[in-house]
Structures are given as C-alpha cells and as structure tokens.
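Survey of secondary and tertiary structure
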Amino acid sequence: MARGNAKANAQEKNAKKNAGKKEAKSDLKARAAAFKASCPICAAQLINYNMMKVHYEAKHPKETCPPPPES
Ligand SMILES: [Zn+2]
C-alpha cells in the first residue's frame, strides 16, 4: 500500500467516525422511541430495554427477562 493511500484511508476513517457518532446518536433515539413497552407482569412503563432488564431484576427476579429487541 502506498503512503498516499494510508492518508486517504485515515481521512476516510475520520469521516466515518464522525458520521458514525451522529448516526449512533439518532439511532439510539429512534430505538428508544421504538421501544415502547410495559412490563407484562405489573404493567410498569419501561422506556428502554435496559430499564426492562433492571426492572425484571428488581421486581421479578424469578421471571426471565425477554430478549433484547434486536438480537
Ligand atoms: Zn414488572
């Protein structure tokens, strides 16, 4: 690989990194919006999967937490 190529690659990487940051943020927002759920056991409002996990561990330790939406 030529040195010029490496520089171009680095620039591309940087651009990708910046784009990825933006995307990840909006993606997270979209995912949070898409994740509208309530606990099937006690109907508590859960705004994201992490909350559901925590909720299950705290309130229903004997129940199995459903798998994450994207797995
Ligand atoms: Zn619950």
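The structure under discussion appears in the preceding block.
This part is about the overall build of the protein. On a plain count of helices and strands, the protein comes out with two helices and two strands. Starting at the N terminus and ending at the C terminus, the protein contains elements arranged as α-β-β-α. Considering the protein as a whole, with its 71 residues, one finds that 11% of them fall into the buried category. Within the protein, contacts between residues at least 6 apart in sequence are counted, and of these 5% link residues at least 24 apart.

Every α-helix carries 3.6 residues per turn, so stepping three or four residues along brings you back to the same face. If you check which residues of helix α2 (residues 49-59) are buried, you get Tyr49, Met52, His55 and Tyr56. The buried side chains of α2 occupy one side of the element, clustering within an arc of 115° when seen end-on. Opposite the buried face of α2, at more than 90 degrees from it, the exposed residues are Glu57 and Ala58. Where α2 is buried, its residues contact β1 (37-38) and β2 (45-46). N-cap assignment for α2: the residue whose side-chain oxygen lies 3.2 Å from the backbone N of Asn50 is Asn48.

Moving on, we come to the side chain of His60. Structurally, the position occupied by His60 is in the segment after α2. A polar contact is formed between the side chain of His60 and the side chain of His55, at a distance of 3.1 Å. The contact partners of His60, leaving out residues within four places of it in the chain, are Cys39, Ile41, Cys42 and His55.

About the criteria used
Residues numbered from 1 in each chain as written. Predicted model: local features only at pLDDT ≥ 70, side-chain atom pairs only at ≥ 80, totals over all residues. Heavy atoms only, no water. Helix = DSSP H or I, 4+ residues; strand = E, 2+ residues; numbered from the N terminus. Buried < 20%, exposed > 50% of the residue type's maximum accessible area, 1.4 Å probe, protein only. Contact = heavy atoms within 4.5 Å. Arc of directions from axis to C-beta. Polar contact = N/O pair within 3.5 Å; in protein donor to acceptor, adjacent residues only side chain to side chain.

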